[in-house]
There are 4 protein chains.
Amino acid sequence: MSKSRLEAFSDGVFAVIITIMVLDMKVPRGTDLQALKSVLPVFLCYVLSYLYVGIYWNNHHHLLHASQHVTGGILWANLILLFCLSLAPFTTAWMGENDYAPLPVAIYGAMLLAAGIAYFVLTRTLIAHHGDKSVLARSIGNDWKGRTSMLLYAFAIPMAFIKSWISCAGYALVAIMWLLPDRRIEKQVHA
Amino acid sequence: MSKSRLEAFSDGVFAVIITIMVLDMKVPRGTDLQALKSVLPVFLCYVLSYLYVGIYWNNHHHLLHASQHVTGGILWANLILLFCLSLAPFTTAWMGENDYAPLPVAIYGAMLLAAGIAYFVLTRTLIAHHGDKSVLARSIGNDWKGRTSMLLYAFAIPMAFIKSWISCAGYALVAIMWLLPDRRIEKQVHA
Amino acid sequence: MSKSRLEAFSDGVFAVIITIMVLDMKVPRGTDLQALKSVLPVFLCYVLSYLYVGIYWNNHHHLLHASQHVTGGILWANLILLFCLSLAPFTTAWMGENDYAPLPVAIYGAMLLAAGIAYFVLTRTLIAHHGDKSVLARSIGNDWKGRTSMLLYAFAIPMAFIKSWISCAGYALVAIMWLLPDRRIEKQVHA
Amino acid sequence: MSKSRLEAFSDGVFAVIITIMVLDMKVPRGTDLQALKSVLPVFLCYVLSYLYVGIYWNNHHHLLHASQHVTGGILWANLILLFCLSLAPFTTAWMGENDYAPLPVAIYGAMLLAAGIAYFVLTRTLIAHHGDKSVLARSIGNDWKGRTSMLLYAFAIPMAFIKSWISCAGYALVAIMWLLPDRRIEKQVHA
């Protein structure tokens, strides 16, 4: 199966998701500072979601770079990951337009958690196909970052119903953790 | 003619269709469970349509992988298939926003049937060009899945005017049938 | 300069234009036949515009296939063509939502004429770079189809202010003329 | 790391940004000349933004053509540039729909300035990786065009609060300056 077409399709979906989110930043009515300020909460959500989609694209790029084969199962694991991320424009807009109300903040976190699980399943499907001793398997290793992310999501989601800014801080923390580029795969590929 | 550009263009269209559909999931007014529930019917339609576009992309991927040449006729057969699928955001939204009313459900099925016929025409055009004894022709075989799908659509569409959930179950059944990956082409390619 | 990236970018723009147009087909209010009928004029416009974008993509595909080099001038001639086509979602929606009123129909034709001129400029820029005796130049030849199209547009546009259906028939006629695939380049490439 | 996937993803984002902006040109209510005129200010903004995205795509094309390696840092510098440009549909619409009011015009310029800085950072990151004596470094040279652009932005942005047409003239001037294609890299590559 051709890896390049999977990458091309995924790149297309990543590109559309990342660009379409900004369409949810509706043009404000007025032209004064007040109008600009009203866009701020949606803008901050957009920044966070842009970071997340960027991180996933980056990791996806590294993951497939270290892979050699693509099977039907891998295609579908990839489609499920893209499905979770394709909900980002919806969850971002709902959270941003409602001043970070509890339920939208929790649902945003649930979307992140679902994407995290889907990414985990994708890595496992790839490792199952490439073998435990493949470059891919060694480079992913024990995946402490992925595990920590899911723990943080699981903690941050219920916090939305107490103080929603704690949840948002949790989501931002995970993003910052991932922004430190994933040296694991790079290291192994060049080893 | 270059197969790679046909694939790139098709991937672009598939990626945009699949991502744009979620734009029809309008952000609900409130922030309580009731508001979230109101999105549910559109969300379920979105899942179904996502599955269908994913299935078509997957099968399209296999089909072109087994092809060697692209002609003007194949380009247009492909464009007609993409046209049918490009109506998915419209039919999905109409069905989802109207609580699965009879006519929208039937039109959704008609769109699926049209896409099924267009895919059938595309496979026939490809076989006509590659010959009856090509890897492609042998791998498609008698295409029982394609034929069964069209029979199921033809049965499910009129059912919309009696009980629309029967139609939806029919559409979902076809999707599940296709989710079992198409081993036919894979088998022949590696034979 | 790399031809492949010009193709990839153009394919992306073509794919987005063709898919985004359907977003202008707003979901009708009701769920009866009357509601479906109200979508018909926009749907027919969508079909026509889809055909045109498909034709341009097809011809663009052949044109670049026969080209070897890409220069800064060619990049910009290509961007101007894509600009004209990117107006299609706007002109299509304006025409379709206003029952083919004279001015929108004329503006739709003006967009087609502008795209036709831009495509002509692109072919001339490519020929200027590849030489009069190149495969490209011989395969384009006297370009009677391009010239006839522009004459037909020039005739059809003012007709919008007398009988707008005559204009639409003219636009459809040009599309049908082009749907017969452009054998000129194919013939020369294989000669 | 694979350069081709960075290009494919960037092309996707460029293609979506450039096409989605036209969606902000809302179809006018009437069908007379007055209605068409009402679209004019948004249309002119669209032309300007299209030119800018086209210029960035063109320069990005040349820049990566002269690059050999891609690192995590380069991926993120590229994502930041794309982020700035992805705000173009928002700033374009806000400026166009408000008759070039001071604040929207200034914000539009701020977006251009941010994109200019991001592009500058991207070139520095690339040079840092390729070395001062690389083809890339020599071809960028002292980057007088980039520096002049930022000076012009810095001058044009505050002018929005005095006479907004001066700002717009400044933005247009920078675009015209860049439309003269960047011969620097082309020259060095072929030297």
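The coordinates are above.
Reading the values: the criteria
- Residues numbered from 1 in each chain as written.
- Chains lettered and ligands numbered in written order.
- Predicted model: local features only at pLDDT ≥ 70, side-chain atom pairs only at ≥ 80, totals over all residues.
- Helix = DSSP H or I, 4+ residues; strand = E, 2+ residues; numbered from the N terminus.
- Expected span 1.5 Å × (residues − 1).
- Buried ≥ 20, exposed ≤ 12 C-beta atoms within 10 Å, placed from the backbone.
- Arc of directions from axis to C-beta.
- Contact = placed C-beta atoms within 7 Å.
- Axes fitted to C-alpha atoms, helices over the stretch in contact; angles between N-to-C directions.
- Parallel < 35°, antiparallel > 145°, perpendicular 65-115°, else oblique.
- Left-handed = near helix turned anticlockwise from the far one by under 90°.
- Nonpolar A, V, L, I, M, F, W, Y, C, P; charged D, E, K, R; others polar.
- Least-squares fit on C-alpha atoms with pLDDT ≥ 70 in both.

Overview of helix α8 (residues 164–179) of chain A
Since the α-helix turns once every 3.6 residues, residues separated by three or four places project in the same direction. Residue and element names in this part refer to chain A. The end-to-end C-alpha distance of α8 is 23 Å, a good match for the 22 Å that 16 residues give at a rise of 1.5 Å each. Among the residues of α8, Ser164, Ser167, Cys168, Gly170, Tyr171, Val174 and Trp178 are the ones counted as buried. In an axial view of α8, the angular spread of the buried residues amounts to 155°, which keeps them on one side of the axis. Exposed residues pointing more than 90 degrees away from the buried face of α8 are listed as Trp165, Ala169 and Ile176. Looking at the packing, one finds that the buried side of α8 touches α2 (33–65), α5 (102–130) and α7 (144–159).

A closer look at the packing of α2 of chain A against helix α4 (residues 88–96) of chain A
Each pair of packed helices can be described by the angle between their axes along with the distance between the axes. Residue and element names in this part refer to chain A. Packing of α2 against α4 leaves a shortest axis separation of 8 Å and a crossing angle of 150°. With respect to α4, the element α2 is oriented roughly antiparallel. Pair α2 / α4 crosses with right-handed handedness. Across the interface between the two elements, Pro41, Val42, Cys45, Tyr46, Ser49 and Val53 of α2 pack against Ala88, Thr92, Met95 and Gly96 of α4. A breakdown of the residues in the contact of α2 with α4 according to their chemical character gives 7 nonpolar, 3 polar and no charged.

Some thoughts on the environment of lysine 37 of chain A
All names here are of chain A. As for its placement among the helices and strands, lysine 37 is situated in helix α2. A tally of 10 C-beta atoms within 10 Å means that lysine 37 is categorised as exposed. Along the chain, lysine 37 and asparagine 59 lie 22 residues apart, while their C-alpha atoms are 33 Å from each other.

Details of the relation of the copies chain A and chain D
In summary, the two copies of the chain are related to each other by a rotation about an axis coupled with a shift along it. With an RMSD of 0.0 Å, chain A superimposes on chain D once it is rotated by 90° and translated 0.0 Å along the axis. The superposition of one copy onto the other is thereby described by a four-fold rotation axis. Considering only C-alpha atoms, the part of chain A nearest the rotation axis is glycine 12 of chain A, at 4.1 Å.

Re the relation of the copies chain B and chain C
Here chain B sits on chain C after a turn of 90° about the axis and a move of 0.0 Å along it, with an RMSD of 0.0 Å. In this assembly, only 12% of the residues forming the interface of chain B have copies in chain C that are likewise at the interface, indicating a heterologous arrangement.

Focus: the interface of chain B and chain C
With 26 residues of chain B at the interface, the matching set in chain C holds 24 residues. Contributing elements (two or more residues each) for the side of chain B that touches chain C: α1 (3–20), α3 (72–86), α4 (88–96) and α5 (102–130) of chain B. Among the residues making up the side of chain B that touches chain C, the classes are represented as 19 nonpolar, 5 polar and 2 charged.

Brief notes about the packing of helix α1 (residues 3–20) of chain D against helix α2 (residues 33–65) of chain D
Residues and elements named next belong to chain D. Contact pair α1 / α2: the axes reach a minimum separation of 10 Å and the direction vectors enclose 175°. When the axes of α1 and α2 are compared, the pair comes out roughly antiparallel. Mapping the contact onto sequence places Lys3, Glu7, Ser10, Phe14, Ile17 and Ile18 in α1 and Tyr50, Val53, Trp57, His60 and Leu64 in α2. For the contact of α1 with α2, the per-class residue count stands at 7 nonpolar, 2 polar and 2 charged.

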